[in-house]
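# Inside the fold
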Amino acid sequence: MAAYIFDKLRELEEKNAYPLHMPGHKRNLRFMPYDFRNFDYTETDGTDNLHMPEGIIADAQKAMAELLGADQSYILVNGGTSGMVAAVMACCDPGDNVLVAGNCHKSVYSGLVMSGANPIYISPQITEEGLCGGISMRDIFRAFDSYDIKAMIITSPTYEGFTCDIRTIADIVHKHDSVLITDECHGAHFTFSDVFPASALSQGADIVVNSWHKTLPCLNQGAVLSVKGGRVDTTRVKEAVSMVNTTSPSYPIMASVDYARDILSKDKNLFSSYIQLIRDARHELTHCKVLKLVNDSIKGQHDIADLDKSRFTIMVRTDITGVELGKILLDKYNLRIELAGLHHIVAITTVADDPRGIKKFVKAITEMDKKFQRKYIEKIPMTAQSVCLPSMTPRDVYFSKKQYVSYDEAVGKIAAVSVIPYPPGIPLVPMGQIITQEHIDELRLLKTAGCSVIGAENSSIAIVQE
Ligand SMILES: Cc1ncc(COP(=O)(O)O)c(C=O)c1O
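Residues numbered from 1 in each chain as written. Predicted model: local features only at pLDDT ≥ 70, side-chain atom pairs only at ≥ 80, totals over all residues.

### Let's talk about the sheet that holds strand S15 (residues 344-348)
Note the cut-off: Here, strands pair whenever DSSP counts at least two bridges between them. Only DSSP runs of H or I with at least four residues qualify as helices, and only runs of E with at least two residues qualify as strands; both kinds are numbered from the N terminus onward.
The strand order across the open sheet formed by four strands is S10-S12-S15-S14, and the pairing between neighbours is antiparallel. What marks the edges here is a single partner per strand, and that holds for strand S10 (291-293) and strand S14 (339-340). As judged from the five bridges shared by strand S12 (residues 311-316) and S15, these two strands associate in the antiparallel manner. Opposite Ile314, over in S15, you have Ile345 as the bridge partner.

### Some details on the site of the ligand
Put simply, the rule reads: Contact assignment follows one rule, namely that a residue is near a molecule or strand if its backbone-placed C-beta atom lies within 6 Å of it. The residue classification treats Ala, Val, Leu, Ile, Met, Phe, Trp, Tyr, Cys and Pro as nonpolar and Asp, Glu, Lys and Arg as charged. All others, Gly included, are polar.
Of all residues adjacent to the ligand, which total 15 residues, the nearest are Gly79, Gly80, Thr81, His105 and Ser211. For the shell around the ligand, the leading source of residues is helix H4 (residues 79-91), giving four residues. Classifying every residue of the shell around the ligand by side-chain character gives five nonpolar, nine polar and one charged.

### A word on the domain arrangement of the protein chain
Note the cut-off: In this entry, domain limits derive from an automatic or database-based domain assignment.
Taken domain by domain, the protein chain consists of domain 1 (29-265), domain 2 (269-371) and domain 3 (390-464). Using C-alpha coordinates to define each centre, domain 2 is positioned 30 Å away from domain 3. Counted by class, the side of domain 2 that touches domain 3 contains three nonpolar, two polar and one charged residues.

### With respect to the packing of helix H3 (residues 56-68) against helix H10 (residues 251-266)
Spelled out, the test is: Only the stretch in contact is used when a helix axis is fitted, and all axes are lines through C-alpha atoms; the angle between N-to-C directions ranges over 0 to 180 degrees. Here the word oblique covers every angle except those under 35 degrees (roughly parallel), over 145 (roughly antiparallel) and from 65 to 115 (roughly perpendicular). Here a crossing is taken to be left-handed if its near helix is turned anticlockwise relative to the far helix by less than a right angle, and right-handed if that turn runs clockwise. Any two residues are considered in contact once their C-beta atoms, placed from the backbone, lie within 7 Å.
At a minimum axis separation of 10 Å, H3 and H10 run at an interaxial angle of 45 degrees. One finds that H3 runs oblique with respect to H10. The two elements H3 and H10 meet at a crossing, and its hand is left-handed. Along its contact with H3, which presents Ile57, Ala60, Ala63, Met64 and Leu67, the element H10 presents Met254, Asp258, Arg261 and Ser265. Of the residues that constitute the contact of H3 with H10, the class distribution is six nonpolar, one polar and two charged.

Below, the structure written as structure tokens:
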């Protein structure tokens, strides 16, 4: 017997790998100048109540809404996941049609199960090297012309830092009397500088969810859901947010979000020195040809509107996989990245980064770039239709009988759970979809490369029993 979690964290603490991953506080005490033990409170004199805020939490949420330009903002203590579930629950009744971008996070599927809404999937564009881009306007028009749609859900930015043209999408959505829910979980920092893409709320989105813990100096799980524009029933939003938040919310988490909002909106220098740092880092990395930093040239292609400069998405155009590069970065340089995929890696930088950590990363990539030969990366062929209906709704799948079968036997059957490479947590096969041979081929590629895939453990997949 041992204290398993504690022991592992102690071990990691000793190794002290530099974090190019979430949470965004990067263990930098400058942004969290408090002892968590002393801040771990409950609802008592003066600490207010997250479910009925009238005091400090109401003030914090009001200040947050002012900063973000929202009508209302709600602090969440269970991550962007809970925000996305609440957003779907607030906007959709059972049986409503919802247009869901194919690169939505698993939390959207949970929201669909709980609300009983019917998804219509719309595929994002895919880059030559297999990354998800934006959503085509032609496909959005086609979906709205074909179906009566209550809400549309998009992911912007993507895990790789690509945004959609939210202003145009919001216009189309609003013309059809529908609402736009934007998963901006990876873009909480957008509001702090023009160097980053414009925030979804400023572009006309009706509900936006931001995981503050991902890209700002906040504790894991600290997130914010915001509403703007009067198209959404705010009573439903409030109820849904209350449903997904615990009645024992963590004060350290709430305080970290509130404190980050306060110091970052007051001291602009914090962001300006960080922005210079990432500009310099990006400039140095432009010389790398094998480990190729995704840069501004991607804008305007594949319906990508803008690129988040804080995110270092690097294509691995050589014989090793992103997973192998991630391992080298850890073993040789003591750098831990956020995501290691088949042909790319993602490193997250934030305002709380130590400049030495970012410089070390740049040096490591520059060194590794010289060691490998450039190779053409073949796009994984996926035959996704641009707009399609699932064979079963997530809710019907959830309540159906399931059966575990081998990967080969699963082809042609309905997925009973989503098959999800993690990170990023975006389903390869969403629950309710027919599993195709292409899905299985990609799944095998990912597993062979050492990527972890939830829903495909022990070489089996859950299908809906026929
Ligand atoms: C696109 C996207 N949306 C939502 C989430 C969930 O956010 P959280 O981890 O804050 O619950 C994630 C998590 O990685 C994500 O990548």
